[in-house]
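Observations on the three-dimensional arrangement
Each chain is listed here by its residues.
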Amino acid sequence: MIPSTSSRASRPQPLTPDAIRSGLKTERFGRTLHLYDRIESTNAVALALAEQGAAEGTVILADSQTQGRGRMGRRWISPPNVNLYVSIILRPDRDPDRIGLWTLSAAVGAARAIEQAAALPARLKWPNDVLIHHKKISGLLLESAIQGGEIKHLVLGIGLNVNLFRELLPESLRDSVTSLREELGHELDRIELLQRLLEQLELQYQSFRTEPLHKILEAYVPLSDTLGQTVRVRSPGGEWTGKATGLTADGDLIVQRTDGREKVFRSGDVIHVRPSHAARD
Ligand code: BTN
């Protein structure tokens, strides 16, 4: 249950296409922009538009979502006036088996945008959560349409908590989730942050399309808060606790137990096992 928007969120800054485009230094990302006050899910709309042939780089943005989707079938809390809920349509000419690397790369872009716009040290929880001071501030959700062994289109969805007050979150999330407003102690311009986000994501996407894929890992690893940690991974195959020792060439997570046995995860729910601050979704 989401409480109604807090009266403490003063003078919410309206998102308008003109304000977003002015000062946006991208070639394609956001040049076509669909902006909604309130929709079910920007990812759902983006998937429908992609199916109808919308151009690569088309951005779907909403001020609020009624059924924001998270990873593993979870819900993404999407109240109005405070955050960013963005989806981008993509058509990379890459092997579908490599798209996990794109989410890692996109997480690097989100972290860099936050550092640029808010001067906060963003870190990454595998596979694609962005953390500030060990708390989740942003999550990425990649949805794909694959046909005949090829990518038809991808939709990258990003939720970023900007001016959200922690009290708007369910109590169960208040210790593990944060917003830029909570970390900085003041509000942040959502439009400027969105512009930096689209610019950084476009840069990452250009690298993903053109550079050798090991470059993605080279950019991701220094930002990782997961590698070297003791982690608990929940996956359809069960639960596994051990040390996150590395990533495979495809960006899968390698976890080694104390008895030396290793497991490789392509997806899953990771909890950083730390007594004082365990980051979780
Ligand atoms: C996660 O579980 O961490 C991923 C959350 C992704 C949320 C974003 S908000 C914009 C886009 N639309 C959705 O319905 N989900 C993604």
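Below, the discussion takes up the domain arrangement of the protein chain. How big an interface is tends to be stated in terms of the accessible area lost upon association of its parts. By domain assignment, the protein chain separates into domain 1 (17-223) and domain 2 (230-272). Distance between the C-alpha centres of domain 1 and domain 2: 24 Å. Note on domain 1 versus domain 2: buried area summed over both sides is about 1,100 Å², and carbon and sulfur give 56% of it. Counting the surface domain 1 buries against domain 2, the share from its top three residues, Lys 125, Trp 126 and Leu 217, is 50%. Applying the counting criterion to the domain 1 and domain 2 interface returns two salt bridges. The residue Arg 98 makes a salt bridge to Asp 250 at a minimum N-O spacing of 2.7 Å.

The subject of this paragraph is the site of the ligand. Not every one of the 20 residues close to the ligand is listed here, only the nearest: Ser 41, Thr 42, Arg 69, Arg 71 and Lys 136. In this structure, Thr 42 approaches the ligand through a side-chain N or O atom, which is 2.9 Å from a nitrogen atom. Lys 136 is positioned with one of its side-chain polar atoms (N or O) 2.6 Å from an oxygen atom of the ligand. When isolated, the ligand has an accessible area of 420 Å², and the protein chains bury 99% of it. Within the residue set of the shell around the ligand, elements represented by two or more residues are helix H2 (42-51), strand S3 (84-90), strand S6 (135-147) and strand S7 (150-160). Broken down by element, the residue count for the shell around the ligand peaks at four residues, all from S6. Of the residues in the shell around the ligand, the class split is six nonpolar, ten polar and four charged.

Analysis parameters
- Residues numbered from 1 in each chain as written.
- Predicted model: local features only at pLDDT ≥ 70, side-chain atom pairs only at ≥ 80, totals over all residues.
- Heavy atoms only, no water.
- Domains from an automatic or database assignment.
- Buried area = accessible area lost by both parts, 1.4 Å probe.
- Salt bridge = Lys/Arg side-chain N within 4 Å of Asp/Glu carboxyl O.
- Near = heavy atom within 4 Å.
- Polar contact = N/O pair within 3.5 Å; in protein donor to acceptor, adjacent residues only side chain to side chain.
- Areas by Shrake-Rupley, 256 points an atom, 1.4 Å probe, with all protein chains shown as cover.
- Helix = DSSP H or I, 4+ residues; strand = E, 2+ residues; numbered from the N terminus.
- Nonpolar A, V, L, I, M, F, W, Y, C, P; charged D, E, K, R; others polar.

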